[in-house]
Amino acid sequence: MGRKLFVLLVILMSVSLIGIILVQAFFIKNSVEIEEKQFERNVKHALSLVSKNLEDRELEDYTKKALNQIRRHDAKADTSTIREILVKTQDNERDETIIYRNTVLEESFKVPSVFFDLGVDSVSISRLFSERETKIYSNTALGNGGDLNVNPERTYREYSELPEVTKKIMEDSYRDTYKNFPIYKRVSSEEVAKLLNYQLKEDGIGIDFEFAIYDKDLATKVQSENFELDKASTYGISVYSGNDNQNDYRLYVNFPDRRKFLFSTIIKAIVLSVVFTLIIIIAYSNAIYQLIKQRKISQIKTDFINNMTHEFKTPIATINLALDAIKNPKVIEDKEKVKRYLKMIKDENKRMHAQVENVLRISKLEKNELNISKDRVKLHDLIEDAITHVELIVEDRKGYVKTHLDATKSSILANESHFTNVIVNILDNAIKYSDDEPKIDVYTENVGNNILLKIADQGNGMSKQVQRKIFEKFYREHTGNVHNVKGHGLGLAYVKRIVEDHHGHISVESEKGKGSVFTIKLPLIS
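Basis of the calculations
Every chain is numbered on its own, with residues counted from 1 as its sequence reads. Only residues with pLDDT of at least 70 are given local features in this predicted model, and only at 80 or more are side-chain atom pairs given and counted; all residues enter the totals for whole chains, interfaces and linings. The basis for the side-chain values is all heavy atoms of the structure; hydrogens and waters are excluded. In DSSP terms, a helix is any run of H or I states spanning at least four residues, a strand is any run of E spanning at least two, and both are numbered starting from the N terminus. Buried means the residue's accessible area, taken with a 1.4 Å probe over protein chains only, is under 20% of the maximum for its type, while exposed means over 50%, and partly exposed covers the values in between. Here, two residues are considered to be in contact whenever any of their heavy atoms come within 4.5 Å of each other. Methods summary: accessible areas were calculated by the Shrake-Rupley approach with a probe of 1.4 Å, and residue burial reflects only the protein chains presented. Patch building starts from residues that exceed 30% relative accessible area and form no salt bridge, then joins like charges within 9 Å and nonpolar side chains (Val, Leu, Ile, Met, Phe, Trp, Tyr) within 5 Å. Basic side-chain nitrogens of Lys or Arg form a salt bridge, by our definition, when they fall within 4 Å of a carboxyl oxygen of Asp or Glu. Each Phe, Tyr or Trp ring, with Trp reduced to its six-membered ring, pairs with another whose centre is within 6.5 Å; inter-plane angles below 30 degrees give stacked pairs, above 60 give edge-to-face pairs, and intermediate values give tilted ones. Look at NZ for Lys and CZ for Arg. If either is within 6 Å of the ring centre and within 35 degrees of the ring normal, a charge sits over the ring. DSSP-based pairing: two strands are paired if at least 2 bridges between them are found. Working convention: axes come from line fits to C-alpha atoms, limited for helices to the stretch in contact. Angles between N-to-C directions cover 0 to 180 degrees. Here the angle decides the label: under 35 degrees means roughly parallel, over 145 means roughly antiparallel, 65 to 115 means roughly perpendicular, and every other value means oblique. Note on convention: near helix rotated counterclockwise from far helix by under a right angle means a left-handed crossing. Clockwise means right-handed. Here the nonpolar group is Ala, Val, Leu, Ile, Met, Phe, Trp, Tyr, Cys and Pro; Asp, Glu, Lys and Arg are the charged ones; every other residue, Gly included, is treated as polar. One less than the residue count of a helix, multiplied by 1.5 Å, gives the span that helix is expected to have. Residues belong to one nonpolar core when they are buried, are Ala, Val, Leu, Ile, Met, Phe, Trp, Tyr or Cys, and are joined through side-chain atoms within 4.5 Å.

Colleague: Can you lay out the overall build of the protein for me, pointing to particular residues and giving the numbers?
Modeller: Along the backbone of the protein there are 12 helices and 15 strands. In the protein, which comprises 526 residues, the proportion classed as buried is 37%. Summarising the internal contacts of the protein: among those between residues at least 6 apart in sequence, 70% fall at separations of at least 24. When the accessible area of the protein is evaluated, it comes to approximately 32,500 Å², of which 52% is carbon and sulfur surface.

Colleague: Before we move on, can you summarise a nonpolar patch on the surface with the specific residues and values?
Modeller: Taken together, the side chains of Ile267, Val271, Leu272, Val275, Phe276 and Ile279 define a hydrophobic patch exposed on the protein surface, amounting to about 520 Å² of accessible area. Residue classification places Val275 among the partly exposed residues on the basis of a relative accessible area of 37%.

Colleague: Break down the packing of aromatic side chains for me, with residues and values.
Modeller: Counted by the stated rule, this structure contains eight aromatic pairs. Three or more aromatic residues joined by ring pairs form one cluster here, namely Phe39, Tyr235, Phe255 and Phe261. Taking NZ or CZ as reference, Lys402 lies 4.5 Å from the ring centre of Tyr400, over its face.

Colleague: Provide a residue-level description of the sheet that holds strand 8 (residues 249–254), including the pertinent values.
Modeller: Within the open sheet, the four strands sit side by side as 6-5-8-7. Their pairing is antiparallel. Looking at strand neighbours, the two that pair on one side only are strand 6 (218–223) and strand 7 (234–239), the edges of this open sheet. Going across the sheet, the axis of each strand differs from the next one's by a mean of 30°, ignoring polarity. Two strands pair when backbone bridges link them, and strand 7 and strand 8 are joined in this way by six bridges, in the antiparallel orientation. In the strand pairing of strand 8, Tyr235 is matched with Val253. Contacts between helix 5 (residues 189–202) and the sheet are confined to strand 5 (210–215), strand 6 and strand 8, with strand 5 contributing the most and set at about 125° to the helix.

Colleague: Provide a residue-level description of the sheet that holds strand 10 (residues 400–405), including the pertinent values.
Modeller: If you trace the five strands from one edge of the open sheet to the other, you get 10-12-13-15-14, paired in mixed fashion. Every interior strand has two partners, whereas the edge strands, strand 10 and strand 14 (505–511), have only one. Strand-to-strand twist of the sheet, defined as the mean angle between neighbouring strand axes without regard to direction, takes the value 15°. Relative to strand 13 (residues 450–457), strand 12 (residues 439–447) is paired through eight bridges, and the arrangement is antiparallel. The partner of Asn446 across the bridge, within strand 13, is Ile451. Along the sheet face, helix 9 (residues 379–396) touches strand 10, strand 12 and strand 13 and points at about 170° away from the line of strand 10.

Colleague: Give a detailed account of the packing of helix 9 against helix 10 (residues 416–432), specifying residues and quantitative values.
Modeller: Contact geometry for helix 9 and helix 10: axes closest at 9 Å, N-to-C directions at 40°. If you check the angle between helix 9 and helix 10, you find them oblique. Once helix 9 is placed against helix 10, the crossing between them reads as right-handed. Taken together, the residues of helix 10 that come into contact with helix 9 (itself represented by Leu379, Leu382, Ile383, Asp385, Ala386, Ile387, His389, Val390, Ile393 and Val394) are Glu416, Phe419, Thr420, Ile423, Val424, Leu427 and Ile431. Partitioned by chemical class, the residues of the contact of helix 9 with helix 10 number 13 nonpolar, two polar and two charged.

Colleague: Now, about helix 9: what can you tell me, with residues and values included?
Modeller: Between its terminal C-alpha atoms helix 9 stretches 26 Å, which fits the 26 Å expected from 18 residues at 1.5 Å a residue. Listing the buried residues of helix 9 in full gives Leu379, His380, Leu382, Ile383, Ala386, Ile387, Val390 and Val394. In this structure, the buried residues of helix 9 make contact with strand 9 (375–378), strand 10, strand 11 (411–414), helix 10, strand 12 and strand 13. Trailing helix 9 by a residue or two, Lys398 shows a phi angle of about 65°, which is positive.

Colleague: So, the environment of Ile520: which residues are in play, and what are the values?
Modeller: Take Ile520: it is sitting in strand 15 (residues 515–523). For Ile520, a relative accessible area of 1% translates into the label buried. Between the alpha carbons of Ile520 and Ile455 there is a distance of 8.7 Å; along the sequence they are 65 residues apart. Non-local contacts of Ile520, meaning those with residues more than four positions away in its chain, are made with Phe419, Val422, Ile426, Ile451, Leu452, Leu453, Val499, His505 and Ile506.

Colleague: Describe the pairing of strand 8, naming the residues involved and giving the relevant values.
Modeller: Among the six residues that make up strand 8, five are buried, leaving the element largely enclosed by the rest of the structure. Relative to strand 8, strand 5 runs antiparallel, the two being bridged by six bridges. Bridging across to strand 8, Ile213 finds its partner in Leu251.

Colleague: Would you mind going over the nonpolar core in detail, with residue names and values included?
Modeller: Grouped together as the largest cluster of nonpolar side chains are 40 residues, with contacts concentrated most on Leu379, Phe419, Ile423, Leu427 and Ile520. Those elements giving two or more residues to this core turn out to be helix 9, strand 11, helix 10, strand 12, strand 13, helix 12 (491–501), strand 14 and strand 15. The element that contributes the greatest number of residues to this core is helix 10, accounting for eight residues. Not counting residues within four places of it along the chain, the set of residues in contact with Leu427 comprises Ala386, Ile387, Val390, Ile440, Val442 and Ile455.

Colleague: Explain the pattern of salt bridges residue by residue, including any values.
Modeller: Under the counting rule described, the total for this entry stands at 16 salt bridges. For Lys29, the salt bridge is made with Glu33, and the minimal N-O distance between the two is 2.7 Å. Highlighted residues: Lys29 and Glu33, both in helix 1 (residues 3–72), separated by four residues, approximately one helical turn. Look at Lys29 and you get exposed, because its relative accessible area is 51%. Measuring nitrogen to oxygen at the nearest pair gives 3.4 Å for the salt bridge that ties Lys432 to Asp428. On the criterion of helical spacing, the pair formed by Lys432 and Asp428 is a turn pair, its members being four residues apart in helix 10.

Below, the structure written as structure tokens:
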């Protein structure tokens, strides 16, 4: 995959993920706002019904008391005519005159106010009636003068109440009567709480609430214990309005657990949204990680193939040259030269075989197929043995390997062959990555029940970034297309796996241009 295509894929996937997260965030925010608006509508609906219920109950109570007072005291009404309509028609076929009269009468009662506990002597109560009268006169009896003082031939009367008008008058009377009456005498806190509790539950709001009735922004006695007026989170409505459309009283209610209630209604949707978003983020992150890893592995494999090609190219070329030389009639007769060339072929063949073995060894370690049997060995003996493998190379480059074996106890449970290879690998790296003569110091010391092995060199060193990746399989410090250092990035990966298989730990400290120190920590055995 090309770099541009890879970057484009990452950008597109990132934009898509950000878009999904923003859509989810918008959905959650929108859901919360919808729930808040629905909550507000339900509360206002409940409050309006409570306000109406309070007024209807008080009006009904007032009306019952008034009618009971009228009946109990046998109150006499003062009747007055409010409006009268008189219609006169002629029926020529029957030779009659018809007089129709419709009168609206008001009956006013004065009843004692003791029963109302209003602090006044009496209360005026009015009722409206409709009186409809039809009189039929004979035109002969009326004569030419049309005198209506004569008795009509027939008279029809009908009385009926005007309930709607009477109700309106009763409402006006009720409002005027209670206009200046203290609110705590009109309704109790218990009544308001009971009505609110019932109506809020009917509207789907079953959480704790606090309430209060205010009179012109002043708190009254009608309120719950913990009510606090916070206009940002308190809902209010007018109650006990007067005939002049002025509303002195307002019923307020607020909800301490309002936020919790709102989120509880959409918590499932939020949780599912968050879970699915997290799944998408994890899947996206893993996909990006795998893309980067695959691209990195692809680059590493390319470098590995190039390095292996370079590693095999030299011995193959040497073997070909040696074979061509042996074919020469002059050389084939010279046994010393033939032996020399054959030794060169054998050495180069061993070198290639060692490279293949190293690759196979790592492959078996990855599959856990490498059989590592462990015995009691002395680490100091393994160190001395490993140094003999590199002595000639170090001496050839005018360097040295010095030992400082200060550990008094060095017995460990290890595989002699593999752990010797571990030390040889580290020493070999110290030699390879020293541009000048290799200077290597090997230290041991006891720390508790462990032994520390430190291999320090004064070579090229490495950066912090390289230190973090040095034990990864196939990894080699990138030096462009320069192959001045032989290798294929498997040695230290093998070292790490073997050390960990021996229940040990390996670390590195290094500074560019000042060398490196590899530290291996292993448990001792008694």
